[in-house]
Amino acid sequence: MTMNEQIKNLLGFLAKSPTPFHAVENIAIRLESAGFERLEEAKAWNTVQSGNYYVTRNDSSLIAMRLEQVGGDTGFRIVGAHTDSPCLKVKPQATQCRDGYVMLAVEVYGGALLNPWFDRDLGLAGRINIKTLSGSIQSRLLRINHPVAFIPSLAIHLDRNANEDRSINRQKHLPAVLMRTNEDQHDFADILKNWLVRDDPELEIDHILSFELSLFDCQPPALIGLHGEFIASARLDNLLSCHAATEALIASKNDVNKLIVLNDHEEVGSASMSGAAGPFLESVLSRLCKDNEILTRSLQHSMLVSADNAHAVHPNYADRHEPDHRPLINTGPVIKINHNQNYATNSESEALLRVVCEANDINVQSFVTRSDLGCGSTIGPITATRIGVRTVDIGVPQLGMHSIRELAGVQDQIDLVHVLRGFFDHANWPF
Ligand SMILES: [Zn+2]
């Protein structure tokens, strides 16, 4: 894939993946087009030999692997990333009629920056579970790509201090306008049914059982800047890394065991059946290693590169950064270090990553937070704790993390794919 194709492909993936369910579906399609075979966790894996495979859990997490040897102790080169992003999720009793409007009730998922959600053209997407007329229970993905909702700001005339001290009450201020009405009741399930039948006219729905839906910004991702050197999009944290991990795995050589693990629920602490604190990765590795002794030896020969975006220095808020650690956009991936273990990087894993970057002629930056500020975390330390694998936390530098529209660099995405592929293919591995 050329550079331009790679970026075009990323923008398409971001636009088509408003939720982790859609991201996993789109990555699965990409993997299958590259010859990866789908495995089911609920079936026997005794026919799995060397080759290319993938497996999903909860339709929202995915592990893809290129296997050279099954049942051996030579270890795995692993790249991790997360499929979820902060957003607004629809509450079970979704609609209320108020003051002439049908309003959509939402819950804040993860550490969303809430201000940018106002005055946006919002679509709706996620997973819906239905009962059909024949009695079967089915799970369907929905993506309403045109703006159906809007969270209007309060006019400045009604709040003269808005620019100085407006705060957001999550319960009162975030419900989204869906439509004008003079009724006092509204059936959201009917709308969902109509959308599903429009997508699949053969579908005979008896009723909607449940749903996990989120709002998303309909504005498509774009290349911006005088030279088109920036990528502006929702969910760059961390679909950019999911995309880079997938492309690096597909492009890598087939000579050692390698895999990517893309987990849901990082933004809410990772503790779930499909999150990094859950047993998904460990379960897959133990099935590949066949027994505990081999798994233990294998993990000692393994390494995880956890890829999750880092904070670039913001030119308008430069004092929020440690003065000597100020990552710049389009200047190479960032190694994230926190000796209190909010990041899992240690000097050994950092050294190995630096060797890979040197071998591939990629500049690398480092990030440490100011000593008087808290520090974020990611799946790296959680996975390291869960399975005991040496880990380095890296990521492309970006601005506006957790906004509805974030900013990253074109060159950084290209460099990230290059580094991850270099990690998969590096010949002189010391363990
Ligand atoms: Zn992240």
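Heads up: the structure comes first, above all this text.
Conventions adopted
- Residues numbered from 1 in each chain as written.
- Predicted model: local features only at pLDDT ≥ 70, side-chain atom pairs only at ≥ 80, totals over all residues.
- Heavy atoms only, no water.
- 1 Å grid on protein atoms, 1.4 Å probe; cavity = no way out; pocket = protein on both sides within 12 Å on 5 of 7 lines; lining within 4 Å.
- Points joined across faces, edges and corners; volume = space filled by probe spheres on them.
- Nonpolar A, V, L, I, M, F, W, Y, C, P; charged D, E, K, R; others polar.
- Helix = DSSP H or I, 4+ residues; strand = E, 2+ residues; numbered from the N terminus.
- Contact = heavy atoms within 4.5 Å.
- Polar contact = N/O pair within 3.5 Å; in protein donor to acceptor, adjacent residues only side chain to side chain.
- Pairing = 2+ DSSP bridges.
- Axes fitted to C-alpha atoms, helices over the stretch in contact; angles between N-to-C directions.
- Donors = N, O, S within 2.8 Å, 3.2 Å for Na, K, Ca; no water.
- Tetrahedral: all angles 85-135°; square planar, octahedral: opposite > 155°, others 65-115°.
- Buried < 20%, exposed > 50% of the residue type's maximum accessible area, 1.4 Å probe, protein only.
- Parallel < 35°, antiparallel > 145°, perpendicular 65-115°, else oblique.
- Left-handed = near helix turned anticlockwise from the far one by under 90°.

A.B. asks: Give a detailed account of the layout of surface pockets, specifying residues and quantitative values.
C.D. replies: One simple way to see leftover space: roll a probe sized like a water molecule over the atoms. What the largest pocket holds in volume is close to 830 Å³. Split by residue class, the lining of the largest pocket holds ten nonpolar, 14 polar and six charged. The computed volume of the second largest pocket comes to approximately 490 Å³. Lining the second largest pocket are 17 residues, with F118, P152, S153, L154 and H173 positioned closest to its centre. When its residues are assigned to classes, the lining of the second largest pocket shows ten nonpolar, four polar and three charged.

A.B. asks: Account for the environment of H321, with residues named and values stated.
C.D. replies: Positionally, H321 belongs in the loop between β15 (310–311) and β16 (334–336). With 311 residues separating them in the primary sequence, H321 and L10 have C-alpha atoms 29 Å apart. The residues touching H321, leaving out its near neighbours within four places in the chain, are H311, A312, V313, H314, R326, P327, F367 and R370. Engagement of the side chain of H321 in a polar contact is seen with the backbone oxygen of H311, the distance being 3.1 Å.

A.B. asks: Could you give me a rundown of the sheet that holds strand β3 (residues 61–67), with the residues and numbers involved?
C.D. replies: The mixed open sheet is built from nine strands, whose spatial order is β1-β2-β3-β13-β4-β14-β18-β16-β17. Every interior strand has two partners, whereas the edge strands, β1 (37–38) and β17 (365–367), have only one. Where strand β4 (residues 77–82) meets strand β14 (residues 303–307), four bridges bridge the pair, whose relative direction is parallel. Pairing of I78 across the sheet is with L304, part of β14. With respect to the sheet, helix α11 (residues 410–425) is in contact with β4, β13 (258–263), β14 and β18 (390–395), its orientation differing from that of β4 by roughly 150°.

A.B. asks: Can you tell me about the sheet that holds strand β12 (residues 230–233), naming the residues and giving the values?
C.D. replies: In space, the three strands of this open sheet follow the order β11-β12-β20, with antiparallel pairing throughout. Both outer strands of the open sheet, β11 (222–224) and β20 (406–409), are each paired with one neighbouring strand and no more. Across the sheet, the axes of successive neighbouring strands diverge by a mean angle of 35°, strand direction being ignored. In this sheet, β12 lies alongside β11 in antiparallel orientation, the contact comprising three bridges. Bridge pairing in β12 links I224 to F230. Against the sheet, helix α6 (residues 236–251) contacts β12 and β20, and its axis sits at roughly 35° relative to β20. α11 rests against β11, β12 and β20 of the sheet, and its axis sits at about 65° to β20.

A.B. asks: Summarise the environment of P430; cite the residues concerned and give the values.
C.D. replies: Among the secondary structure elements, P430 is positioned in the segment after α11. The sequence separation of P430 and L352 amounts to 78 residues, and the corresponding C-alpha distance is 8.7 Å.

A.B. asks: Break down the coordination of the zinc ion for me, with residues and values.
C.D. replies: Taken together, the protein donors to the zinc ion comprise H82 (NE2), D237 (OD), D308 (OD) and D308 (OD), at separations of 2.0 to 2.7 Å. Here the zinc ion binds four donor atoms, and the angle range of 53 to 142° at the metal identifies the geometry as irregular. For the zinc ion, the single-chain donor residues occur in sequence as H-x154-D-x70-D. With a gap of 155 residues between them, H82 in strand β4 and D237 in helix α6 connect regions that are remote in the sequence. This pair shows no difference in class: H82 is buried, exactly as D237 is.

A.B. asks: Got a sec to walk through the packing of helix α7 (residues 280–289) against helix α8 (residues 292–300)? Specific residues and values, please.
C.D. replies: When two helices pack together, you describe them by how their axes are tilted relative to each other and by the distance separating the axes. At a minimum axis separation of 8 Å, α7 and α8 run at an interaxial angle of 110°. Comparing their axes, α8 and α7 come out roughly perpendicular. Here α7 runs over α8; the crossing is right-handed. Residues L285, S286 and C289 of α7 pack against I294, L295, S298 and L299 of α8.

Function cannot be read off these values alone, since they describe shape.
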